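Overview (structure and organization)
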Amino acid sequence: MNRIEIEQLTKFYGERQVLDAVDLSIAPHEVVCLIGASGSGKSTLLRCINGLTEFDEGTVRLDGVDIYDESFGRTGLYKRIGIVFQAYNLFPHMSVLENITLAPIRVHGRDRREAEAAGLKLLELFGLGQYARAYPEQLSGGQQQRVAIVRSLATEPDVLLLDEVTAALDPELIGEVLKIIRDLKTSGMTMVIVTHEMGFARDVADRVCFLDGGRIVEQGNPHQLFSKPENPRTQKFLERIIAAGRLEATV
Amino acid sequence: MTRRPGKGRRQIALKDRLAPVLISLASVVLVFGAVAWFVGTAEQWPRIQRQFFSIDAMIEAAPGVARGFLVSLQIWLISLVCIGIWALVLAIFRAMSGPWFAPLRVFAIVYVDLFRGLPALLLVLLFGFGIPALNLPGLPKEGLFWGGVALILSYSAYATEVYRSGIEAVHEGQGMAAKALGLTQWQTLRYAILPQALRNVVPAMLNLVVALQKDVALLSVLGVRDAVREAQIYTARTFNYSSLVVAAILFLLATIPLARLTDHLARRDRQRRLQGAK
């Protein structure tokens, strides 16, 4: 069974249609990258998967169950699908450890000491142990984004959604964040990644979907899509990306 | 992190810094000295001094006015606590989204429109004279109590708006992150938004604190024996206005440090933001 099944997903912002009957299935442990120009609907699609953005038509299912099904309760879905944002969105008035343990303690009712021990262990696993008591503004952008990823992992989700997580980072800090994502792939995490890092998408994705005008215009394994795109719109997009020097042309 | 200037730099800077300070001092002394001289040598000055600045009258009136001022301070402090809490409740009503909270939202909006649109003096008169006149069983009958209630109701409307601006200034990504972690609307406010919002509003709130300290004097129309009322009583007896000047001095002694504190906090806050944006 597919982990995530999206059927006929349609979404309007006022008059403007941002998603046009999108179908997408994601298998367990699969890493899917969504690429496309700004405004193509990729971030909206991502946020519909965990119900953060409400959609107008269609269904999203997690392990065969509609995400609006009552069996998830109010918090069940958020526990099983984590999301990381472009701007990290860490809580600036809380220490790193408080950021990470907030949801386990307040939402999932875990014992504070137990949650803190688990949080520390998770931080150490990702090389952030020494920052547990630090506040977000004391960390670099790359460190903050790594903390944000750890925060979304603290509830042990089955699926991780990553929304342009490197777009706000200085180029020299992108690597450390991408490394974590590669490690997560190795550990078998199912991920949906919206990214502008084409080289990274080519390396890490099992499948790349190119979105344009609220539709998935073309999808396939990264080597096929990046080197022999079939759809003229994909070809044009990739030509622009290559011309901008953000992806080496593959012959 | 502050970078300390080196020794050589400091020596040059000292001379450069001293000149503007001296010029400022000299011009201040010159201007205010001239004003004092003109006023002091004016033909009518002794009369003015007797009427407003008579030392004897001031000393005579001081104990009564000071006692009244303590009453003013008490009303001020109690009102502050009530306003801080009530306005926060209203701001939370206002911030709750979703159809179930519509009545609370509407209540908060109507409340703010109503009490911000009415003069505080009108409310003080309405509550302070009107409600005790009803003679309702089980409710306090002192004008002081109801006048205080009127001030609290009025100022809470402004304070609600200050809280609201603080809540809205918190980046929307914070609410989204909290929601994505599964926090309820209330938990999002309580743990993610309000701690940041409250820090945002401190300078603006202190402005209200200063304004309220002065508006406590409105209760004197109800016969509450605050500083202004006590000063008036002295004036009515002696036809000398120095007692009001005593009250004025007491108010300034309380408000000016508060205003300085407000400026200081606002400046520090701005610096913190600039550093944060770096």
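Bear in mind the structure is a predicted one, so any value in this text is a computation, not a measurement.

1. A look at the overall build of chain B
For chain B, the helix and strand inventory stands at 10 helices and 0 strands. Ordering the α and β elements of chain B from the N terminus gives α-α-α-α-α-α-α-α-α-α. The globule rule puts the C-alpha radius of gyration for 278 residues at 19 Å, and the 25 Å found for chain B is more than 25% above it. Counting only C-alpha atoms, chain B reaches 75 × 75 × 25 Å along its principal axes. Residues counted as buried form 28% of the 278 residues belonging to chain B.

2. Examining the confidence of the model for chain A
In the predicted model, chain A carries a mean pLDDT of 91, and 99% of its residues have values of at least 70. Taken element by element, the predicted model of chain A shows its lowest mean pLDDT in helix α2 (residues 76-80) of chain A (88) and its highest in strand β8 (residues 190-194) of chain A (96).

3. Structural notes on the nonpolar core
Leu34, Val150, Leu161, Leu162 and Val192 of chain A together with Ala159 of chain B are the most contacted members of the largest nonpolar core, which has 115 residues in total. A per-element tally of this core places helix α6 (residues 143-169) of chain B first, with 11 residues. Non-local contacts of Val150 of chain A, meaning those with residues more than four positions away in its chain, are made with Ile100, Leu122, Leu123, Phe126 and Leu128 of chain A.

4. Side note on the UniProt feature "transmembrane region" (unreviewed entry) in chain B
Residue and element names in this part refer to chain B. Taking the UniProt record as the reference, the feature "transmembrane region" (unreviewed entry) is found at residues 21-40, 73-94, 106-131, 143-160 and 239-259. Helix makes up 100% of residues 73-94 and strand 0%, with an end-to-end C-alpha separation of 31 Å. For residues 106-131, the end-to-end C-alpha separation is 26 Å, with 92% helix and 0% strand making up the annotated structure.

5. Considerations on the domain arrangement of chain B
Domain annotation for chain B reports domain 1 (1-36) and domain 2 (57-277). Relative placement of domain 1 of chain B and domain 2 of chain B: their C-alpha centres are 39 Å apart.

6. Concerning the packing of helix α3 (residues 55-95) of chain B against helix α4 (residues 102-117) of chain B
Residues and elements named next belong to chain B. As a packed pair, α3 and α4 sit with axes 7 Å apart at the nearest point and diverge in direction by 125°. Overall, the two elements α3 and α4 adopt an arrangement that is oblique. You can see that α3 and α4 cross each other, and the crossing is left-handed. For the pair α3 and α4, contact is made by Leu90, Phe93 and Arg94 and by Leu104, Arg105, Phe107, Ala108, Ile109 and Tyr111, respectively. Class assignment of the residues belonging to the contact of α3 with α4 gives a composition of 7 nonpolar, no polar and 2 charged.

7. Side note on the sheet that holds strand β9 (residues 207-212) of chain A
Each strand in a sheet pairs with another by means of backbone hydrogen bonds, the pair being arranged parallel or else antiparallel. Residue and element names in this part refer to chain A. Within the open sheet, the 6 strands sit side by side as β6-β7-β8-β3-β9-β10. Their pairing is mixed. Unpaired on one side and paired on the other, β6 (81-84) and β10 (215-220) mark the two borders of the sheet. Each strand axis lies, on average, 20° off the axis of its neighbour in the sheet, ignoring direction. As judged from the 5 bridges shared by β9 and β10, these two strands associate in the antiparallel manner. Within the sheet, the bridge partner assigned to Leu211 lies in β10 and is Ile216. Running over the sheet, helix α1 (residues 42-49) touches β3 (31-35), β6, β7 (159-163), β8 and β9 and is turned about 150° from β8.

8. Regarding the interface of chain B and chain A
Each side of the interface is counted separately: chain B has 15 residues, and chain A has 17 residues. Listed by contribution, the elements that provide at least two residues to the side of chain B that touches chain A are α7 (172-180) and α8 (185-215) of chain B. The element that contributes the greatest number of residues to the side of chain B that touches chain A is α7 of chain B, accounting for 6 residues. Residue classes in the side of chain B that touches chain A are distributed as 8 nonpolar, 6 polar and 1 charged.

9. Quick look at the UniProt feature "domain: ABC transmembrane type-1" (unreviewed entry) in chain B
Here the UniProt feature "domain: ABC transmembrane type-1" (unreviewed entry) sits at residues 69-262 of chain B. Segment residues 69-262 of chain B splits into 81% helix and 0% strand. End C-alpha atoms: 22 Å apart.

10. Thoughts on the sheet that holds strand β1 (residues 4-13) of chain A
Residue and element names in this part refer to chain A. Reading across the sheet, the 4 strands line up as β2-β1-β4-β5 and stay open at both edges, with antiparallel pairing between neighbours. The sheet is open, and its two borders are formed by β2 (16-26) and β5 (65-66), each paired with just one other strand. Together, β1, β2 and β4 (57-62) form the strand contacts of α1, whose direction differs from that of β1 by roughly 120°.

11. Considering helix α3 (residues 96-107) of chain A
Three or four residues apart is the spacing at which side chains of an α-helix point the same way, because the helix has 3.6 residues per turn. Residues and elements named next belong to chain A. An ideal rise of 1.5 Å per residue puts 16 Å on 12 residues; α3 measures up with 18 Å between its terminal C-alpha atoms. Listing the buried residues of α3 in full gives Val96, Leu97, Asn99, Ile100, Thr101, Leu102, Ala103 and Pro104. Downstream of α3 by one or two residues, Gly109 has phi in the positive range, about 65°.

12. A word on the UniProt feature "domain: ABC transporter" (unreviewed entry) in chain A
Under the UniProt annotation, the feature "domain: ABC transporter" (unreviewed entry) is placed at residues 4-238 of chain A. Split by type, residues 4-238 of chain A is 37% helix and 26% strand. Its first and last C-alpha atoms lie 27 Å apart.

13. Thoughts on the packing of α3 of chain B against helix α9 (residues 227-238) of chain B
Residue and element names in this part refer to chain B. Closest axis-to-axis distance for the α3/α9 pair is 6 Å, and the angle between their directions is 150°. By the angle between their directions, the pair α3 and α9 is classed as roughly antiparallel. The handedness of the crossing between α3 and α9 comes out as right-handed. Note on element contacts: α9 touches α3 through Ala227, Arg229, Glu230, Ala231, Tyr234 and Thr238, opposite Ala57, Ala61, Gly64, Val65, Arg67, Gly68, Phe69 and Ser72.

14. Looking at unusual backbone geometry
Phi is mostly negative for residues that are not glycine, and the peptide bonds are mostly trans. All names here are of chain A. A positive phi angle, near 50°, is found at Asp63, a position not held by glycine. Mapped onto the elements of the fold, Asp63 is located in the loop between β4 and β5. Among the residues examined, Asp63 registers 13 C-beta atoms within 10 Å and is labelled partly exposed.

15. As for the pairing of β8 of chain A
The side chains of a regular strand alternate between the sheet's two faces. Residues and elements named next belong to chain A. In terms of burial, β8 is a largely internal element, 5 of the 5 residues being buried. Here β8 shows two buried faces, one formed by Thr190, Val192 and Val194 and the other by Met191 and Ile193. Inspection of the sheet shows β7 paired to β8 by 5 bridges, in the parallel sense. Within β8, the residue paired with Asp163 across the bridge is Val194. Tracing the backbone out of β7, into helix α6 (residues 171-186) and back to the parallel element β8 gives a crossover that is right-handed.

16. Remarks on the pairing of β9 of chain A
Residues and elements named next belong to chain A. Buried residues dominate β9, accounting for 5 of its 6 residues. Two strands pair when backbone bridges link them, and β3 and β9 are joined in this way by 4 bridges, in the parallel orientation. Across the sheet, the residue bridging to Ile35 is Phe210, located in β9.

Scoring rules and cut-offs
- Residues numbered from 1 in each chain as written.
- Chains lettered and ligands numbered in written order.
- Predicted model: local features only at pLDDT ≥ 70, side-chain atom pairs only at ≥ 80, totals over all residues.
- Helix = DSSP H or I, 4+ residues; strand = E, 2+ residues; numbered from the N terminus.
- Rg over C-alpha atoms; globule rule 2.2 N^0.38 Å.
- Buried ≥ 20, exposed ≤ 12 C-beta atoms within 10 Å, placed from the backbone.
- pLDDT = per-residue confidence, 0-100.
- Core = buried A, V, L, I, M, F, W, Y, C linked by C-beta atoms within 7 Å.
- Contact = placed C-beta atoms within 7 Å.
- UniProt positions renumbered as here; feature names shortened; annotations may be inferred.
- Domains from an automatic or database assignment.
- Axes fitted to C-alpha atoms, helices over the stretch in contact; angles between N-to-C directions.
- Parallel < 35°, antiparallel > 145°, perpendicular 65-115°, else oblique.
- Left-handed = near helix turned anticlockwise from the far one by under 90°.
- Nonpolar A, V, L, I, M, F, W, Y, C, P; charged D, E, K, R; others polar.
- Pairing = 2+ DSSP bridges.
- Expected span 1.5 Å × (residues − 1).
- Right-handed = clockwise from strand over helix to strand, strands pointing away.

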